[in-house]
Amino acid sequence: MADQIKGIWKDWRLHVLVFAIVALTEWIGVFSFTVGPGVVLLLPMLYAMLIGLGLFFTPAVKKKQALNAEPLIVLGVTLLIAKIGVIIGPSLPKLIEAGPALLLQEFGNLGTIFIALPIAVMLGLKRESIGMTHSVAREPNVGLIVDKYGFNSPEGRGVMAIYIFGTVFGAVFMGVISGFLATITPIHPLSFAMASGIGSGSMMAAASGSLVAAFPAFSDDIIAFAGASNLLSLSTGLYMSILIGLPLTEKMYTVLTRKKQTNAELGKGA
């Protein structure tokens, strides 16, 4: 481990690339444009992710840099969590005032099952759709699916597909959609802050960053609510998936596929 860390710090190519990307994206700054009554905010973090993804397919980034960058992401998220912890302290009275809204926010994540699963079945996906739609497919949920169905199962392939997609595009999507929805709807920005805590540090950071840019007067509260929500999702999200999310997805999949098959048979009979 010590040799690996020493090798990371000596990887001058990685540090030069990271510094160049950060300098460029900070120089570009925040870019915003209106879509109807809403505002889409593009933050430096989003540019950095897209530029980094693009450079991965060029000779500038080799396999060594890709491997060395992984532990640094963990370090960055650790610093983010530390900052959130400092901000949550003074905001505890407001978090307590939120009461049941914050404690029960995990049930909101189940709502995506009712939207995503019917669409997946309609598109012709089979049991892959169970792994894809039962959650946001972060590490605990991947472990749950692999443990229950196996890595090479249809459900395992489904959850891994969403895990990879979320890793690459999740933060970009959350960063764009949170600011847009918060400015186009009358819902309070702190509600969106709670909604951004889905159990992923990078997605939460992107979403809360857009909210802070759109509502700077609520900056500390947004970070506090997003951090507390994310912590609760990390703590309770797996149990929610085990007890409610996955059984609900299984049941809905059975009902939807049976209905689809019945409609197909009726169509043939006609």
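All figures in this text were calculated on a predicted structure; none of them were measured in a lab.

### What to know about the overall build of the chain
Thought 1: Within the chain, the regular secondary structure consists of 14 helices and two strands.
Thought 2: For the chain, with 270 residues in total, the buried portion stands at 37%.
Thought 3: By element, 73% of the accessible surface of the chain is carried by carbon and sulfur atoms, the whole surface being about 15200 Å².

### What to know about the pattern of salt bridges
Thought 1: Scanning the model with the defined rule gives three salt bridges in all.
Thought 2: One salt bridge in this structure joins Glu250 and Arg127, with 3.0 Å as the shortest N-O distance. Residue Glu250 is located in helix α14 (residues 219-269), and its partner Arg127 is located in the loop between α8 (111-122) and α9 (128-133); the two are separated by 123 residues in the primary sequence.
Thought 3: Residue Glu128 is joined to Arg157 by a salt bridge in which the shortest nitrogen-to-oxygen separation is 3.8 Å. In this pair, Glu128 sits in helix α9 while Arg157 sits in helix α11 (residues 154-184), placing the two residues 29 residues apart along the sequence.

### Points about unusual backbone geometry
Thought 1: For Ala137, which is not glycine, the phi dihedral falls at a positive 60°.
Thought 2: Within the secondary structure layout, Ala137 lies in the loop between α9 and α10 (139-149).
Thought 3: Exposure remark for Ala137: the relative accessible area of 0% places this residue in the buried category.

### Side note on the nonpolar core
Thought 1: With 16 residues, the main nonpolar core has Leu117, Val159 and Leu246 as its most contacted residues.
Thought 2: Sorting the residues of this core by element identifies α8, α10, α11 and α14 as the ones contributing at least two each.
Thought 3: Residues Ala193, Met194, Leu211 and Ala226 belong to the second largest nonpolar core, which totals 13 residues.

### Section: the UniProt feature "transmembrane region" (unreviewed entry) in the chain
Thought 1: What UniProt calls "transmembrane region" (unreviewed entry) maps, in this numbering, to residues 12-33, 39-60, 72-92, 107-125, 161-184, 190-215 and 222-246.
Thought 2: Helix makes up 100% of residues 161-184 and strand 0%, whereas the separation of the span's terminal C-alpha atoms amounts to 31 Å.
Thought 3: As a span, residues 222-246 carries 100% helix and 0% strand, and end to end its C-alpha atoms are 30 Å apart.

### Focus on the packing of helix α2 (residues 12-28) against helix α3 (residues 44-56)
Thought 1: Relative orientation of the contacting elements α2 and α3 amounts to 140°, with a least axis distance of 9 Å. Classified by the interaxial angle, the pair formed by α2 and α3 is oblique. The crossing of α2 and α3 is right-handed. Taking contact as the criterion, the partners of Leu17, Ile21, Leu24, Thr25, Glu26 and Ile28 in α2 are, on α3, Pro44, Tyr47, Ala48, Ile51, Gly52 and Leu55.

### Comments concerning the side chain of Asn141
Thought 1: With respect to the element layout, Asn141 can be found in helix α10.
Thought 2: The buried category is assigned to Asn141, whose relative accessible area is 7%.

### Brief notes about α11
Thought 1: Between its first and last C-alpha atoms α11 spans 38 Å; for 31 residues at 1.5 Å apiece the expected length is 45 Å, and the helix comes up short by more than 12%.
Thought 2: By the largest-angle criterion, Phe169 marks the main kink of α11, which is about 60°.

### Digging into the confidence of the model for the chain
Thought 1: In this model, the chain carries an average pLDDT of 79, and 81% of its residues clear a pLDDT of 70 or more.
Thought 2: At the level of individual helices and strands, the chain shows its lowest average pLDDT in helix α1 (residues 2-9), which scores 61, and its highest in α9, which scores 92.

### Concerning α3
Thought 1: Compared with an ideal rise of 1.5 Å per residue, which puts 13 residues at 18 Å, α3 spans 18 Å between its outermost C-alpha atoms and is within 8% of the ideal.
Thought 2: All of the buried residues in α3 are Pro44, Leu46 and Tyr47. One face of α3 carries all of its buried residues, which in axial projection span an arc of 160°.

### Things to note about the packing of α10 against α11
Thought 1: Running from amino to carboxyl end, α10 crosses α11 at an angle of 165°, the nearest separation of the two axes being 9 Å. Considering the angle they form, α10 stands roughly antiparallel to α11. As for how α10 packs across α11, the hand of that crossing is left-handed. Of the residues in α11, those touching α10 at Glu139, Asn141, Val142, Ile145 and Tyr149 are Glu155, Gly156, Val159, Met160 and Tyr163.
Thought 2: Here the residues of the contact of α10 with α11 sort into six nonpolar, two polar and two charged.

The rules we used
Residues numbered from 1 in each chain as written. Predicted model: local features only at pLDDT ≥ 70, side-chain atom pairs only at ≥ 80, totals over all residues. Heavy atoms only, no water. Helix = DSSP H or I, 4+ residues; strand = E, 2+ residues; numbered from the N terminus. Buried < 20%, exposed > 50% of the residue type's maximum accessible area, 1.4 Å probe, protein only. Areas by Shrake-Rupley, 256 points an atom, 1.4 Å probe, with all protein chains shown as cover. Salt bridge = Lys/Arg side-chain N within 4 Å of Asp/Glu carboxyl O. Core = buried A, V, L, I, M, F, W, Y, C linked by side-chain atoms within 4.5 Å. UniProt positions renumbered as here; feature names shortened; annotations may be inferred. Axes fitted to C-alpha atoms, helices over the stretch in contact; angles between N-to-C directions. Parallel < 35°, antiparallel > 145°, perpendicular 65-115°, else oblique. Left-handed = near helix turned anticlockwise from the far one by under 90°. Contact = heavy atoms within 4.5 Å. Expected span 1.5 Å × (residues − 1). Bend = angle between axes of the 7 residues up to and from the residue. pLDDT = per-residue confidence, 0-100. Arc of directions from axis to C-beta. Nonpolar A, V, L, I, M, F, W, Y, C, P; charged D, E, K, R; others polar.

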